[in-house]
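A closer look at the structure
As a plain string of letters, each chain reads:
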Amino acid sequence: GAVVSQHPSRVICKSGTSVKIECRSLDFQATTMFWYRQFPKQSLMLMATSNEGSKATYEQGVEKDKFLINHASLTLSTLTVTSAHPEDSSFYICSARRGGAAGANVLTFGAGSRLTVL
Amino acid sequence: GENVEQHPSTLSVQEGDSAVIKCTYSDSASNYFPWYKQELGKGPQLIIDIRSNVGEKKDQRIAVTLNKTAKHFSLHITETQPEDSAVYFCAAVQSGGSYIPTFGRGTSLIVHP
């Protein structure tokens, strides 16, 4: 089955530093990857859609200079939280979608990354 | 845009009972409806899905029903077990559109032993 690996699972950093989260599709090529943010006991909030080789499309209200997304290959997307502040503390989850019509609807999620900014 | 409503927000059942979670959607163009299970501190996992050309789908203790006319779909879990305890999210997707799912707000299912 499709597997998405997300790393790190937990990260603690000091305010003002930058943190990079990686999302890899291990056994399929992901033409599109999505990045979500989830607050406690709430639903998934889409932050941006990332297509391989092109700029990410950010949802309204999400700062593109704050949350840098790179999708350099068909198996890897990264989210960098720049100059992190305590309010950026959250659970970040990536998901990947296969290419082609057959797999276009199916999203596979990573295990999530818990970011704590001190 | 699409709007997905999910109820209830919390569902508490005894082991062995059935659990039903209901979702409604607003956009008739949505034609794919996945359900995800999210355990504490983990990412969501797809547990079952249904496409708009099907009215019902079953996988062991889990079933999903879809009523296109009424624009609602439901998740049914029979013979619940403590390991079914998790947050469940429904979603609606437009194939041929952006393919971006619209999620419900989630249902926290608690199965008491």
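Before reading further, recall that the structure is shown in the block above.
Note that the structure is a prediction, hence the values are computed from the model and not measured.

**Topic: the state of the cysteines**
A complete count under the given rule lists two disulfides over all chains for this structure. One disulfide bridge connects B:C23 with B:C90, the sulfur atoms lying 1.9 Å from each other. Sign of the S-S torsion, about -100° for the bond between B:C23 and B:C90, identifies this disulfide as left-handed. Taken together, the positions of B:C23 in strand β3 (residues 19–25) and B:C90 in strand β9 (residues 86–92) put the pair 67 residues apart, joining distant regions of the chain. For the residue pair B:C23 and B:C90, the accessibility class agrees, reading buried in each case. Its sulfur unpaired, A:C13 is 18 Å from the next cysteine sulfur, which belongs to A:C94.

**Re unusual backbone geometry**
Following A:H7, the chain continues to A:P8 via a peptide bond in cis, the omega torsion being 0°. For A:P8, the position within the fold is in the loop between β1 (4–7) and β2 (10–13). Residue B:H7 is joined to B:P8 through a cis peptide bond whose omega torsion reads -5°. If you trace the backbone, B:P8 turns up in the loop between β1 (4–7) and β2 (10–14). Notably, A:S83 is not glycine yet its phi reads approximately 45°, a positive angle. Tracing the backbone through its elements, the reader meets A:S83 in the loop between β8 (76–81) and β9 (90–98). Accessibility expressed as a relative area gives 34% for A:S83, which makes it partly exposed. Not every positive phi belongs to a glycine, and B:K71 is a case in point at roughly 60°. As for its position among the elements, B:K71 is in the loop between β7 (62–67) and β8 (72–77). Look at B:K71 and you get partly exposed, because its relative accessible area is 24%.

**Looking at the sheet that holds β8(B)**
All names here are of chain B. Read from one edge to the other, the open sheet built from five strands follows the order β1-β3-β8-β7-β6, with strand pairing classed as antiparallel. The open sheet has two edge strands with one neighbour each: β1 and β6 (56–59). Recorded for the sheet is a direction-independent mean angle of 15° between the axes of neighbouring strands. Two elements, β7 and β8, share six bridges in a ladder whose sense is antiparallel.

Here is what the cut-offs are and how they apply
- Residues numbered from 1 in each chain as written.
- Chains lettered and ligands numbered in written order.
- Predicted model: local features only at pLDDT ≥ 70, side-chain atom pairs only at ≥ 80, totals over all residues.
- Heavy atoms only, no water.
- Disulfide = S-S within 2.5 Å.
- Helix = DSSP H or I, 4+ residues; strand = E, 2+ residues; numbered from the N terminus.
- Buried < 20%, exposed > 50% of the residue type's maximum accessible area, 1.4 Å probe, protein only.
- Pairing = 2+ DSSP bridges.
- Axes fitted to C-alpha atoms, helices over the stretch in contact; angles between N-to-C directions.

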